[in-house]
Amino acid sequence: MIVLGLHGGITINQHEPAAATPIDGALAAVCEEERYLRNKSCYGLLPFYAIRAALKQAGIEMADVDLVVTPGETYDGFEAVIADMLRHEYGRVPPIRRVHHQLAHLATAFYGSGLEDGLCLSLDASGDGSAGFVAEASKTDGIKVLEDIPNSNSLGMFYTTMTHFLGFTDGDEYKVMGLAPYGRPDIDLSPFLKPAVEGWRLDRDFIRSNPPVRSPFEPLYSSKLADTLRQPNRRPTEPLSGFHKDLAASAQKTLEEALLRLVEHWAKPRPHLRNLCYAGGVALNCVANYRIRKTGLFDRIYIPPVASDRGL
């Protein structure tokens, strides 16, 4: 069977469009739209050039494709957008199957790992109405979802909001991680995100809702964050102060503690699962990943090189 796997956006909030061509289970090509447009992350774009490149590299045509698979299971009209794009570009629309964004992350992690079984984790800001999945997986039984983490409790949204408050933009979370070692993690962010036995509890009042955020390039934080910290946000052109470094360190520590609570909550009752397969935007935080490794809960941890949405 020849499958065309797609990821792309029908809104400005979706990013990292890409295309992949598995043929009889073997990956023939993976292409990212940003590599052809030279536009980082290609927010809101469909993978026009990525599809063309993936078909060419695989040595096939759209007429050969048996099935198109894409995230967007919960998005109204998404399948029609994909169908119209394919009809316009190629004059043919193969059968289309939509899957859940978080399940696609889990599949990227587990099936890409080559491992026989494992605890699987997907964490990001949001996708198909969820902020993450926890699952148990095996090659014989597939992926069984244990927890669906709602958007109202998004760990990724916490870190992205702190990224905006520190004067950076969407996709700059790695800068906060890189800034953190220069500060002291002594700022209490528990009113915003409080680690709990089963993971964490997020207070969404710290995230702007009036007016609602409609673009990833708008600031995410509400006035409650500045009021709680008793400090204004950092302007993008403003030099980094000691407070900003301490705030980055505190955001990083808070994320790490929350993540470890979640992992321990699900791993300790399942000592037979010695592998962790982990994807989603939060999985790009390699410092937090090191903390997971240091717990000794797992013999092997696999995080795919395309852990973010480009791997969907």
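Residues numbered from 1 in each chain as written. Predicted model: local features only at pLDDT ≥ 70, side-chain atom pairs only at ≥ 80, totals over all residues. Heavy atoms only, no water.

### Considerations on the pattern of salt bridges
Stated precisely, the cut-off is as follows: Counted as salt bridges are all cases of a side-chain nitrogen of Lys or Arg within 4 Å of a carboxyl oxygen of Asp or Glu. Starting at the N terminus, helices and strands are each numbered in turn, a helix being any DSSP run of H or I of at least four residues and a strand any DSSP run of E of at least two. The rule is simple: take the accessible area with a 1.4 Å probe, protein chains only, and divide by the maximum for that residue type; under 20% is buried, over 50% is exposed, in between is partly exposed.
As enumerated under the stated definition, the model contains 21 salt bridges in all. Here glutamate 32 and arginine 310 are joined by a salt bridge, their closest N and O atoms 2.5 Å apart. In this pair, glutamate 32 is assigned in strand β3 (residues 26-32) and arginine 310 in the segment after β12 (300-302), connecting sequence segments 278 residues apart. Given a relative accessible area of 14%, glutamate 32 falls into the buried group. Overall, arginine 310 belongs to the buried group, its relative accessible area being 18%. Beyond isolated ion pairs, a larger network of salt bridges with shared partners links Glu16, Glu32, Glu34, Arg35 and Arg310.

### Points about unusual backbone geometry
Put simply, asparagine 210 and proline 211 share a cis peptide bond, and its omega is 0 degrees. Even without glycine at this site, cysteine 42 takes up a positive phi of about 45 degrees. Within the element layout of this structure, cysteine 42 appears in the loop between α1 (34-37) and α2 (48-58). Of note in this structure, aspartate 128 is not a glycine but carries a positive phi near 55 degrees. Take aspartate 128: it is sitting in the loop between β6 (117-127) and β7 (130-138).

### Considerations on helix α3 (residues 78-90)
What counts is decided by this rule: By definition here, a helix of n residues has an expected span of 1.5 Å times n minus one. What the arc measures is the spread of directions leading from the helix axis to the C-beta atoms. Here, residues are in contact when the closest pair of their heavy atoms is within 4.5 Å.
The end-to-end C-alpha distance of α3 is 18 Å, a good match for the 18 Å that 13 residues give at a rise of 1.5 Å each. When α3 is considered as a whole, its buried residues turn out to be Phe78, Ile82, Ala83, Met85 and Leu86. Considered in projection along α3, the buried side chains sweep an arc of 160 degrees and stay on one side of the axis. Next to the buried residues of α3 lie β1 (3-7), α2, β4 (67-71) and β5 (96-99). Looking one or two places after α3, you find glycine 91, whose phi comes out positive at around 75 degrees.

### Topic: the sheet that holds strand β2 (residues 18-23)
Rule in force here: DSSP bridges decide pairing: two strands pair if at least two such bridges lie between them. An axis is simply a line fitted to the C-alpha atoms; with a helix, the fit covers only the stretch in contact. Between two such axes, the angle follows the N-to-C directions and lies from 0 to 180 degrees.
Pairing is mixed in the open sheet, where 5 strands are placed in the order β3-β2-β1-β4-β5. At either end of the open sheet lies a strand with only one pairing partner, and these are β3 and β5. Each neighbouring strand pair of the sheet contributes to a mean axis angle of 20 degrees, computed without reference to strand direction. For β4 and β5, the ladder comprises 4 bridges, and the chain directions are parallel. Residue threonine 70 lies in a different strand from β5, and its bridge partner there is arginine 98. Helix-sheet contacts for α2 involve β1, β2 and β3, and the interaxial angle to β3 is about 150 degrees. Here α3 sits on the sheet and contacts β1, β4 and β5; the angle it forms with β5, its principal contact strand, is near 140 degrees.

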